[in-house]
Amino acid sequence: MAAARALGDDALVLAQRLGEWAGDAPVLEEDVALTNIALDLLGQARTLLSLTGDEDELAFLREEHEFRNVQLAELPIGDFADTTARQLYFSVYQELLYAALADTGGALAPLAAKAVVEVAYHRDHAEQWTLRLGDGTEESHRRMQRAVDGLWRYTGELFEPLDGLGVDLPGLHPVWRERVADVLGRATLTVPGGPDRTPWAAGAGRQGVHTEAFGRLLAEMQYLHRAHPGASW
Amino acid sequence: MTAGAQAPSALEAELIRLVGEVPDPELPVISLAELGVLRGLEVLGPGRVRVELTPTWTACPALDTMAADITEVLTSHGMTEVAVDTVLAPAWSTDAITAEGRRKLAEAGVAPPRPKASGAAGAAGGPVALELAIRCPNCGSTDTRLLSRFSSTACKALRRCASCGEPFDHFKEV
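Cut-off values and rules
Residues numbered from 1 in each chain as written. Chains lettered and ligands numbered in written order. Predicted model: local features only at pLDDT ≥ 70, side-chain atom pairs only at ≥ 80, totals over all residues. Heavy atoms only, no water. Salt bridge = Lys/Arg side-chain N within 4 Å of Asp/Glu carboxyl O. Helix = DSSP H or I, 4+ residues; strand = E, 2+ residues; numbered from the N terminus. Buried < 20%, exposed > 50% of the residue type's maximum accessible area, 1.4 Å probe, protein only. Domains from an automatic or database assignment. Contact = heavy atoms within 4.5 Å. Buried area = accessible area lost by both parts, 1.4 Å probe. Polar contact = N/O pair within 3.5 Å; in protein donor to acceptor, adjacent residues only side chain to side chain. Nonpolar A, V, L, I, M, F, W, Y, C, P; charged D, E, K, R; others polar. pLDDT = per-residue confidence, 0-100. Axes fitted to C-alpha atoms, helices over the stretch in contact; angles between N-to-C directions. Parallel < 35°, antiparallel > 145°, perpendicular 65-115°, else oblique. Left-handed = near helix turned anticlockwise from the far one by under 90°. Pairing = 2+ DSSP bridges. Phe/Tyr/Trp six-rings, centres within 6.5 Å; stacked < 30°, edge-to-face > 60°. Lys NZ or Arg CZ within 6 Å of the ring centre and 35° of its normal.

1. Considering the pattern of salt bridges
Move 1: Summed over the entire model, instances satisfying the criterion amount to 27 salt bridges over all chains.
Move 2: With its nearest N and O atoms 2.3 Å apart, the salt bridge here joins A:Asp124 to B:Arg149. Taken together, the positions of A:Asp124 in helix H6 (residues 109-134) and B:Arg149 in the loop between strand S5 (144-148) and strand S6 (156-161) put the pair across two chains. For the pair A:Asp124 and B:Arg149, a shared accessibility class is recorded, and that class is buried.
Move 3: For the salt bridge of B:Arg103 with B:Glu100, the shortest nitrogen-to-oxygen distance reads 2.9 Å.

This is the structure we're talking about:
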């Protein structure tokens, strides 16, 4: 169930990041949208992690190196352009992944078939904002380009083969590139040209190697449960 | 009543009716039967019953409340051991909402979901269906526009009517 753990961690960690926008997004509708997307991801995480153990123990009591999420999911939210760029990269990936996973008929297929429809809304949301910011003002264009460029080196990791998944992840990479390039093109943005991996990342998040920011994310996410074990409201 | 099982017994039919009448916790105008989230009910022995429930959205927070409400109704009708299991497959779709359910949603000011075109929204990697006009539940105008794909709950989008100016929720298609 290494695959369920990895995908569940992606969803959990990104949900936590998106939750940071609550009360802080540029407009009220985006507060609601980003936290709705976070809630969808949390639902996926609960289902996936429950396949591999106790969801609360897995979320609140594991150490940094025991998480198997990709580094893209854990990076700080940055500005709204950074969040939009990550949502674009991640939701296009997740939609392709879940569509393929739903066809495998394996243990993760029911969740994938259910979630792919929800993720279509996430992708659509990210796409609309990419178009609006990329093809917007000079300033929004500049920041959106900076964001897609800055996150590009974390995208290669999404397509590392995952044991037991039953989906050819490297095979999805060209389709992902095509779809992302299409959106970026329509948004008058340039497709980043640099390497899609950080040179020092080894196997990166899937091997439990995480960025510095991840420790602080876990501190916030796990504090309450560790300070007051079993707390509920 | 689980898929492939025999026809429900008289007791099962009665319990299915009772459970079906439980109101949705978020949208109490519509019942669980009208929402189409009940997947099965099986009496396993004297006082023992198992219910299968499917979530509208994967993370729907109303699911726990639904399970609690179902348990309460069944225990007040003599059941002593109630299990409510969540099933994901086949995935719930807005097409499972009954005609009566759609009518009640509209009456309560929530634009009901449109019937899904095959291949829309995700399954085939296709775009989210947004082409058909959505009618304002207040004045009936079809001149409405999307404010946000996400609204007060996961299952709804926020729109505004250009004719009467009212914002309203739209039960979005999945």
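Now, onward.
2. A short note on the domain arrangement of chain B
Frequently, the measure chosen for interface size is the accessible area that the parts lose on association.
All names here are of chain B.
Move 1: You can read the domains of chain B as domain 1 (10-86) and domain 2 (109-171).
Move 2: Counting residues at the interface gives four residues for domain 1, matched by six residues for domain 2.
Move 3: It is Glu26, Leu27 and Trp57 in domain 1 that bury the most area against domain 2; as a group they hold 79% of the surface buried on that side.
Move 4: There are zero salt bridges connecting domain 1 and domain 2.
Move 5: Where domain 1 meets domain 2, there are zero residue pairs in polar contact (both at pLDDT 80 or more).
Move 6: In the side of domain 1 that touches domain 2, the residues fall into three nonpolar, no polar and one charged.

3. Details of the side chain of B:Asp169
All names here are of chain B.
Move 1: Within the element layout of this structure, Asp169 appears in strand S7 (residues 167-171).
Move 2: A polar contact is formed between the side chain of Asp169 and the side chain of Ser151, at a distance of 2.5 Å.
Move 3: Looking at Asp169, its side chain comes within polar contact range of the side chain of Ser152, at 3.1 Å.
Move 4: Contact partners of Asp169, with chain neighbours within four places excluded, come to Gly109, Val110, Ala111, Ser151, Ser152, Lys156, Ala157 and Leu158.

4. Digging into the confidence of the model for chain B
All names here are of chain B.
Move 1: Per-residue confidence for chain B gives a mean pLDDT of 88, with 89% of residues at or over 70.
Move 2: Across chain B, element-level confidence peaks in strand S2 (residues 48-53) with a mean pLDDT of 97 and bottoms out in S5 with 91.
Move 3: Predicted confidence for residues 119-127 stays below pLDDT 50, and this span has 20 contacts to residues more than four positions away or in other chains.
Move 4: Interface confidence in the predicted complex, given as ipTM, is 0.81; pTM for the same model is 0.90.

5. Quick notes on the packing of helix H2 (residues 28-50) of chain A against H6(A)
Residues and elements named next belong to chain A.
Move 1: Between H2 and H6, whose axes approach to 11 Å, the crossing angle comes to 155°. In terms of their interaxial angle, H2 and H6 are classed as roughly antiparallel. As H2 packs across H6, the resulting crossing turns out to be left-handed. In this structure, H2 contributes Glu30, Ala33, Leu34, Ile37, Asp40, Gln44, Thr47 and Leu48 to the contact, and H6 contributes Leu111, Ala115, Glu118, Val119, His122, His125 and Trp129.

6. Overview of the sheet that holds S2(B)
All names here are of chain B.
Move 1: Strand order in the open sheet formed by three strands is S1-S2-S3, and the pairing between neighbours is mixed. Unpaired on one side and paired on the other, strand S1 (38-45) and strand S3 (81-86) mark the two borders of the sheet. On average, each strand axis in the sheet is tilted by 15° relative to the strand beside it, whichever way the strands run.
Move 2: Here six bridges tie S1 to S2, and the two strands are oriented antiparallel to one another. Its bridge partner lying in S2, Glu42 is registered against Arg50.
Move 3: Sitting on the sheet, helix H1 (residues 10-20) is in contact with S1 and S2, with an inclination near 135° to S1.

7. Topic: the packing of H6(A) against helix H7 (residues 138-152) of chain A
Residue and element names in this part refer to chain A.
Move 1: Where H6 meets H7, the closest approach of the two axes is 7 Å, and the angle between their N-to-C directions is 125°. If you check the angle between H6 and H7, you find them oblique. Across the interface between the two elements, Thr130, Arg132, Leu133 and Gly134 of H6 pack against Ser140, His141 and Met144 of H7.
Move 2: Looking at the contact of H6 with H7, its residues break down into two nonpolar, four polar and one charged.

8. Examining the sheet that holds strand S4 (residues 110-111) of chain B
Through backbone hydrogen bonds, the strands of a sheet pair up, either in parallel or in antiparallel fashion.
All names here are of chain B.
Move 1: Spatially, S4-S7-S6-S5 is the arrangement adopted by the four strands of the open sheet, whose pairing is mixed. Edge positions in the sheet fall to S4 and S5, since each of these pairs with one other strand and no more.
Move 2: Pairing geometry for S6 and S7, over five bridges, is antiparallel. Opposite Leu158, over in S7, you have Asp169 as the bridge partner.

9. Looking at the packing of aromatic side chains
Within a pair of aromatic rings, the relevant descriptors are the distance that separates the centres and the angle that separates the planes.
Move 1: Applying the stated rule across the entire model yields eleven aromatic pairs over all chains.
Move 2: A centroid spacing of 5.8 Å and a plane angle of 70° characterise the contact between A:Tyr89 and A:Trp152, whose relative ring orientation is edge-to-face. Linking A:Tyr89 in helix H5 (residues 80-102) with A:Trp152 in helix H7, this pair joins segments that are 63 residues apart in sequence. A:Trp152 carries the same exposure label as A:Tyr89, and that label is buried.
Move 3: With relative accessibility at 0%, the residue A:Tyr89 sits in the buried group.
Move 4: Through a chain of ring-to-ring contacts, three or more aromatic side chains come together here, namely A:Tyr89, A:Phe90, A:Tyr93, A:Trp152, A:Phe159 and A:Trp176.
Move 5: Stacked on the ring of A:Phe67, the Lys or Arg A:Arg62 has its end atom at 4.1 Å from the ring centre.
Move 6: Directly above the ring of A:Tyr121 sits B:Lys172, whose terminal nitrogen or CZ lies 4.8 Å from the centroid.

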